[in-house]
Amino acid sequence: MYTLPKIERFNRSVLSKYNVYNSVFLTLPFDAIDNTGSLLPLFTEVCEKGFANQESPEQIVNFFVEKYLDAPSEQERIDLMFRFIQYVERQIVLFDAIEDAAFEEINNLEGTGSMREIRDKAEATGKREELTEFLDSFNVRTVLTAHPTQFYPGPVLGIITDLTEAIKTDNLYEIKQLLSQLGKTPFFKKEKPTPFDEAVSLIWYLENVFYDTIGEIVNFICRNIYQGEKINGSILSLGFWPGGDRDGNPFVTTEITNKVADRLRTSILKCYYNDIRKLRRKLTFAKVDVMVTDVESKLYRSVFYSEGEIFITQDEFRKTLLEIRKIIVSQHQSLYLGELDSLLNKLNVFGFHFATLDIRQNSKIHNAVIKDIFDTLKKSDPESFPKEYFDLEEKDRIEVATNLHKRLKPDAFSDEMTQQTLQSIYAMKNIQERNGEKGSNRYIISNNESALNVIETLALFQLSGWENPSVDIVPLFEAVDDLRNSDKIMETLYTNPDYAEHLKRRNNVQTVMLGFSDGTKDGGYLMANWSIYLAKEAITAMSRKYGIEVIFFDGRGGPPARGGGKTHKFYASLGSDIENNEIQITIQGQTISSNFGTFDSCQFNLENLLSAGISNRLFDKGKNDLSAGDKTLLSDLAEIGYKKYIDFKNHPEFIPFLEQMSALKYYSMVNIGSRPAKRNKGDKLNFGDLRAIPFVGSWSMLKLNVPGSFGVGTALKEFEKSGKWNDVQELYDRSLFFRTLLENSMMSLAKSFLPLTAYMKDDPEFGAFWQVIYDEFALTKEMLLKIAAHKELMENYPDGKASIAVREHIVMPLLVIQQYSLQRINELQKEAKPDEKLIATYEKLVTRALFGNTNAARNSA
């Protein structure tokens, strides 16, 4: 049967439906003033024509007011803009639901990148046994993080789910009802969510999407690849940061950490209980029925009738299921065996922990904590805590730190951060006792700069009375210089007898985390990505030298600037000099809802990651290796791009531009996340303390997308000018890594819209700075189109390009409203007596528009 091209499927199943249902939506009355729906399309048209005529947001708004409104007051203008925002927010949800409903039709769930394709390829090449051996030790871990770039309240998530189902069946009556409900349901909270609120929001996805999706994938692998034989590994697993990520978030307390761990356990037990209830209706055989009823009762009491008490252990649960299985096979012709095996597979993946709760803290906080500990205790125990510790060389400090065995109690210290840091270690031990070791067995050190950072963290466990902790200490390398030194840091650790002994207890496995977000913020797009690639190669070589299996954990965000984009292609492109026995990746904010928010999208993207890792090692081994010449070329490109970016970052107007012309400072005002927008508490903006999400997101709101492209054009142009273009072109045509790197940058450009800020070129303070951005954008676009032999950006992804175009059309009013509000704020602040109340109102407009813009982009921050 003939299958339509993806773009035609998109036009039929997404674009056409959106136009129909949006016309219905715009006619629904949501308040006493019912003309908003008729005015919004007119405003959108005025915006598009205005930008075509090179008008500023302020000129566009003024023209619209003069043409369509009857001499409104400034407050009436503002009220209408707020209503526009409310409508657009809901249009975004409608488009999301339509795309989600059409996901299976547009994307082939059994085609390229699926486990079915992997099975067929393995059978065709006689590698099924090799595949099962590989899967025994291979794992994909997706880690849901506490970085909220999208935070719909629970009621809205429920409406989105119901709306998606109604759209699948074209149930117009139900769609109208849900759209009306959507129009009257609040989209934001008046107060910031707590870390526990964030956790509950993400656990919704664990219960309603990941649990069944992962179960089905593992079942398919068990039946069709292992052919009923026992799976020795979990293949897929989950990680979790909300409630455990303390880096820069003072609201994550020990109480919150324990509360989130309990909620994760209760949630997975509830999932098991629901499955057991279904099984009880089928397993009605003698003896078996009694065993199932007993398990159901114990799970029920553990979920609904206990305050933390567990009435069945994980071992007891597994042994009972295995005993039931044995009886079914021997006495009941394996009736309903598939359903029972499905539950056993889920138990093997999720245990009683559901997702591993990682604990993370910044090395700078650890430095302060260690200093407080030494300052406090060297008075009472000078022999254990030498006075000159902080004056010693690193190797001598490591020697001291590895021999600290005094037990400390958190309440022995007056400093709150010291108390909290030590309490977090006690919390990990407590969680392991209740949820199993996988409940919380990783401690991540962000901004890790030395081996001492790792050794001192391990010392904190010893000082807390946990002599041989069943915990992995995970250094996170982010800055360019730290990435360059990472292999030497790891060698210092591997050759330290005490740390080597710790690794031996952890099966000689070391996890290393690499941060794309801060790397890009620090060194620009090309340098960050290439530095991480080289760091992985160097750490792999060092680990293999000392007999250590290294696992790389990639801290990626949604957009290309933060390691997002076509992520699975990066893993498929890795050479054999990079260890790839596991793929570990953070998913956050918009990426959770857009890539993993439904059963279909979750299955598609998880299988893509599995397929990338399998293909890289089983079918394409060695094909993606880069030669010495390739690496030299990439290093040269990265250095040129790095210099361009650093010069730009050091421009005297860089920070002032972000502060005055972008929505940067308004990120902390949006009630979508518990974390502050920057790590320090001072009023002055320090670039080093600025978080990656507001940094990248602010450029995205401006539609400039600097972090995902700046310096790329200059680097490519330099090779063209020096007569080396053919070398770059040949590498692009041959290397999946390089091609993916540049294609993701193209995505950043495709989501840019410079007419939005073109008015800034005439600004007396920032005009020259904006021109620098424009010139590099134009050059990068020219060079990328040349190397890809395209006439338009993302020409080879027409459906993705079309989706971006629709979303940009929907949010055009929000972009204009936000920029108009920023212009008005700047004007009001320059007046002799600024109207603070009016400024506050416009600031609220900025933040509301920010929320909608972020949701619409799906991977903007």
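Heads up: the structure comes first, above all this text.
Quick caveat, the model's predicted, so the values are computed rather than measured. (Residues numbered from 1 in each chain as written. Predicted model: local features only at pLDDT ≥ 70, side-chain atom pairs only at ≥ 80, totals over all residues. Heavy atoms only, no water.)

*Asks:* Which residues make up the pairing of strand S8 (residues 549-555), and what values do they have?
*Replies:* With six of its seven residues buried, S8 lies for the most part within the structure. As judged from the seven bridges shared by strand S7 (residues 509-515) and S8, these two strands associate in the parallel manner. Within S8, the residue paired with valine 509 across the bridge is glutamate 549. When S8 meets strand S9 (residues 582-587), the two strands line up parallel, connected through two bridges. Considered in S9, the bridge of phenylalanine 553 is made with glutamine 584. (Buried < 20%, exposed > 50% of the residue type's maximum accessible area, 1.4 Å probe, protein only. Helix = DSSP H or I, 4+ residues; strand = E, 2+ residues; numbered from the N terminus. Pairing = 2+ DSSP bridges.)

*Asks:* An account of the state of the cysteines is needed here, citing residue identities and associated values.
*Replies:* In total, this model carries zero disulfides according to the counting rule given. No disulfide involves cysteine 602; its sulfur sits 13 Å from that of cysteine 271, the nearest cysteine. Residue classification places cysteine 602 among the buried positions, given a relative accessible area of 0%. (Disulfide = S-S within 2.5 Å.)

*Asks:* Now, about the packing of aromatic side chains: what can you tell me, with residues and values included?
*Replies:* Across all of its chains, the model carries 46 aromatic pairs by this definition. Note on tryptophan 204 and tyrosine 205: the rings are 5.1 Å apart at their centroids and 85° apart in plane angle, and the pair reads as edge-to-face. Classification of tryptophan 204 by relative accessible area gives partly exposed; the value is 23%. Relative accessible area serves as the criterion here: at 8%, tyrosine 205 is assigned to the buried category. Taking the centre distance of 5.4 Å and the plane angle of 55° together, the rings of tyrosine 272 and phenylalanine 317 count as tilted. Pair noted here: tyrosine 272 is in helix H11 (residues 254-280) and phenylalanine 317 is in helix H13 (residues 314-331), with a separation of 45 residues, a long-range link. Aromatic ring contacts, followed pair by pair, group Phe648, Phe654, Phe657, Phe695, Trp699, Phe710, Phe766 and Phe769 into a single cluster. A cation over a ring is seen here: lysine 259 above phenylalanine 196, with NZ or CZ 4.2 Å from the ring centre. The ring of phenylalanine 553 is capped by arginine 442, whose NZ or CZ atom sits 4.6 Å from the centre of that ring. (Phe/Tyr/Trp six-rings, centres within 6.5 Å; stacked < 30°, edge-to-face > 60°. Lys NZ or Arg CZ within 6 Å of the ring centre and 35° of its normal.)

*Asks:* Describe in detail the packing of helix H30 (residues 725-734) against helix H32 (residues 767-788), supporting the description with residues and values.
*Replies:* Packed helices, taken two at a time, are described by their axes: the angle between them and the distance between them. Look at H30 against H32: their axes get within 10 Å of each other, and the N-to-C directions meet at 65°. The element H30 and its partner H32 pack so that their crossing is right-handed. Contacts from Trp725, Val728, Gln729 and Tyr732 of H30 reach H32 at Met783, Lys786, Ile787 and Ala788. Considering only residue class, the contact of H30 with H32 consists of six nonpolar, one polar and one charged. (Axes fitted to C-alpha atoms, helices over the stretch in contact; angles between N-to-C directions. Left-handed = near helix turned anticlockwise from the far one by under 90°. Contact = heavy atoms within 4.5 Å. Nonpolar A, V, L, I, M, F, W, Y, C, P; charged D, E, K, R; others polar.)

*Asks:* Break down helix H19 (residues 480-494) for me, with residues and values.
*Replies:* Along its 15 residues, H19 runs 22 Å from first to last C-alpha, staying within 8% of the 21 Å computed at 1.5 Å per residue. Of all the bends in H19, the largest measures some 50° and sits at serine 486. Listing the buried residues of H19 in full gives Val480, Asp482, Leu483, Ser486, Asp487, Ile489, Met490, Leu493 and Tyr494. (Expected span 1.5 Å × (residues − 1). Bend = angle between axes of the 7 residues up to and from the residue.)

*Asks:* Pulling in residues and values, what's your account of a nonpolar patch on the surface?
*Replies:* On the surface, a cluster of nonpolar side chains totalling about 350 Å² of accessible area is made up of Tyr300, Phe304 and Tyr305. Among the secondary structure elements, tyrosine 305 is positioned in the loop between helix H12 (288-304) and H13. You can call tyrosine 305 exposed: its relative accessible area is 63%. (Patch = residues over 30% accessible without salt bridge, like charges linked within 9 Å, V, L, I, M, F, W, Y side chains within 5 Å. Areas by Shrake-Rupley, 256 points an atom, 1.4 Å probe, with all protein chains shown as cover. Salt bridge = Lys/Arg side-chain N within 4 Å of Asp/Glu carboxyl O.)

*Asks:* Break down the environment of proline 186 for me, citing the residues and quoting the values.
*Replies:* One can find proline 186 in the loop between helix H9 (172-184) and helix H10 (195-224). Beyond its immediate chain neighbours, meaning those up to four positions away, proline 186 contacts Arg90, Pro153 and Val156.

*Asks:* Outline the nonpolar core, listing residues and values.
*Replies:* Among the nonpolar cores identified, the biggest contains 265 residues, and Phe240, Tyr272, Phe317 and Trp699 are the most heavily contacted of them. When neighbours within four sequence positions are excluded, tryptophan 699 is seen to be in contact with Phe648, Phe654, Phe657, Leu658, Leu704, Asn705, Val706, Pro707, Phe769 and Ile773. (Core = buried A, V, L, I, M, F, W, Y, C linked by side-chain atoms within 4.5 Å.)

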